[in-house]
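Structural description and commentary
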Amino acid sequence: MKSLAERSSGSFYWWLWATLFLPIAIPGLVFKLLTNMRERRNKRHLNGKVILITGASSGLGEALAHSFFLAGCKVVLAARRKDELERVRKDLLEIHTTVPTHPPIILQLDLSDLNSITEKVQSVLEIHGAIDILVNNGGISVRGDALSTSIDVDIRIMLVNYFGTVAMTKACLPSMMARKEGRIVCVSSVQGKFAIPHRSSYSASKHALQAFCDSLRAEVAKDNIKVTLISPGYINTAISMNALTGTGEKYGKMDAATASGASAEDTAQSILKAIVRDDKDIMLAPIAPKAAYCLRHLMPSLYFWIMKKRAEKLST
């Protein structure tokens, strides 16, 4: 049997735990429970929503199409390559699921052809009557230092990543504003939060997207339109394979950082969850990019020195 001293000691520690930790733990558990209930409810509300995804022919866009299709959304697959869109559509239709689903439709779209975007969006509105969620995912990357990157490449990166996204958003907004409902999702990058060497064009396009979303979010809040900016780290897709070099040729190589990045499927699920939670601006990245982001603002001199060393290493 335990001695009186041992029983007293045990009672004291239980009293200490109950006094100090329970008042913190219980509200936290209640908050988590309520948050989970809200997320499940909001996810159910995705059923039947019309979602237009750009860059849906491969990589993250394809993974997003699968995630939202399985959530019961009416998915619109948008990209340049019609044959790849047909493949994605076929894959979706062959999924066996107990969740009610809707046949996806294909929208062949070139984000660099700004003048065609309004007409393309209108064709979706004529079919579905609304676009509830626009996911601006389409884009292109670049590998090259600022000096040797031709101005034509700078223009192309900005045209696709920034102006194409802005044109898509502006084409979708009037119908959303008329209905007083909608969500604009922009897939940016951690390089839209801080820049690294040999990515000047790409980082500039994503920095511009950050500013656009921050302004837009405030402006359309009165119309019950939500804006979600997603800033992922490296994702294991073909983005580096399809990236441009400074001369405009295809890079055609898989970066080590890209190859070791998060899976497109996991990232897509995180994006769906961010939408369900009504996140405004979220970084989907490991600790190192988040630390670099903090360093850029809290200790800029150290950040600049690290980036200088990185640039010197890339140049050798």
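Use the structure listed above.
Read on for an overview of the structure. As the structure is a computational prediction, the values presented were derived from the model and not from experiment. (Residues numbered from 1 in each chain as written. Predicted model: local features only at pLDDT ≥ 70, side-chain atom pairs only at ≥ 80, totals over all residues. Heavy atoms only, no water.)

Turning our attention to the side chain of S189. Mapped onto the elements, S189 comes out in the loop between β6 (182-187) and α7 (200-220). The class for S189 is buried, based on a relative accessible area of 5%. Once residues lying within four places of it in the same chain are set aside, the contact partners of S189 are Y202, K206, I230, S231 and P232. (Helix = DSSP H or I, 4+ residues; strand = E, 2+ residues; numbered from the N terminus. Buried < 20%, exposed > 50% of the residue type's maximum accessible area, 1.4 Å probe, protein only. Contact = heavy atoms within 4.5 Å.)

The way to describe two aromatic rings as a pair is by their centre distance and the angle between their planes. Here the structure, examined in full by the defined rule, presents four aromatic pairs. Centroid distance Y162 to F163: 5.0 Å. Interplanar angle 70°. Geometry classified as edge-to-face. Look at Y162 and you get buried, because its relative accessible area is 17%. Taken together, a centroid distance of 5.7 Å and an interplanar angle of 65° make the contact between Y303 and F304 edge-to-face. By relative accessible area, which is 47% here, F304 ends up partly exposed. Grouping aromatic residues by their ring pairs yields a cluster made of Y162, F163 and F212. Note that R143 overlies the ring of Y251, its terminal NZ or CZ placed 5.8 Å from the centroid. (Phe/Tyr/Trp six-rings, centres within 6.5 Å; stacked < 30°, edge-to-face > 60°. Lys NZ or Arg CZ within 6 Å of the ring centre and 35° of its normal.)

Our focus in this paragraph is the sheet that holds strand β4 (residues 133-136). Pairing is parallel in the open sheet, where seven strands are placed in the order β3-β2-β1-β4-β6-β7-β9. The open sheet terminates on both sides in strands that have one partner only, identified here as β3 (105-108) and β9 (281-284). Strand-to-strand twist of the sheet, defined as the mean angle between neighbouring strand axes without regard to direction, takes the value 15°. Of the strand pairs in this sheet, β6 and strand β7 (residues 225-232) are connected by six bridges, and their pairing is parallel. Of the residues in β7, the one forming a bridge with V185 is T228. On the sheet, helix α6 (residues 151-179) packs against β1 (50-54), β4, β6 and β7 and is oriented at approximately 175° with respect to β4. (Pairing = 2+ DSSP bridges. Axes fitted to C-alpha atoms, helices over the stretch in contact; angles between N-to-C directions.)

The grouping of R80, R81, R156 and K250 at the surface amounts to a positive patch. By the element assignment, R80 lies in the loop between β2 (74-79) and α4 (82-93). (Patch = residues over 30% accessible without salt bridge, like charges linked within 9 Å, V, L, I, M, F, W, Y side chains within 5 Å. Areas by Shrake-Rupley, 256 points an atom, 1.4 Å probe, with all protein chains shown as cover. Salt bridge = Lys/Arg side-chain N within 4 Å of Asp/Glu carboxyl O. Lys, Arg positive; Asp, Glu negative; His and termini not counted. Charge placed at Lys NZ, Arg CZ, Asp CG, Glu CD.)

A surface patch of nonpolar side chains, about 510 Å² in accessible area, is lined by L298, M299, L302, W305 and I306. Residue contributions to the nonpolar patch peak at three residues, all from helix α11 (residues 300-315). Here L302 lies in helix α11. With relative accessibility at 33%, the residue L302 sits in the partly exposed group.

So, on to the nonpolar core. One finds L52, I117, V121, I131, M168 and I184 to be the most contacted residues of the largest nonpolar core, which totals 39 residues. For this core, the secondary-structure elements that each account for two or more residues are β1, β2, β3, α5 (114-128), α6, β6, α7 and β7. For L52, the contacting residues outside a window of four places in its chain are V76, A78, L107, V124, I131, I133, L134, V135 and M168. Judged by nonpolar contacts, the second largest core, of 32 residues, contains L77, I133, V187 and I235. (Core = buried A, V, L, I, M, F, W, Y, C linked by side-chain atoms within 4.5 Å.)

We now examine unusual backbone geometry. Even without being glycine, H198 reaches a positive phi, approximately 70°. Position of H198 relative to the elements: it lies in the loop between β6 and α7. Its identity as a non-glycine residue notwithstanding, N224 has a phi of 60°, on the positive side. Tracing the backbone shows N224 in the loop between α7 and β7.

Time to look at the environment of V99. Following the sequence through the fold, V99 ends up in the loop between α4 and β3. Separated by 30 residues in sequence, V99 and F69 have C-alpha atoms that sit 9.4 Å apart. In contact with V99, not counting residues within four places along its chain, are N47, L70 and G72.

This next bit is on the pairing of β6. The side chains of a regular strand alternate, residue by residue, between the two faces of the sheet. Within β6, six of the six residues are buried, which leaves it mostly tucked inside the rest of the structure. Alternating positions in β6 separate into two faces, G182, I184 and C186 on one and R183, V185 and V187 on the other, with burial throughout. Note: β4 against β6, four bridges, orientation parallel. Within β6, the residue paired with L134 across the bridge is I184. The parallel pair β6 and β7 is bridged by α7, and the resulting crossover is right-handed. (Right-handed = clockwise from strand over helix to strand, strands pointing away.)

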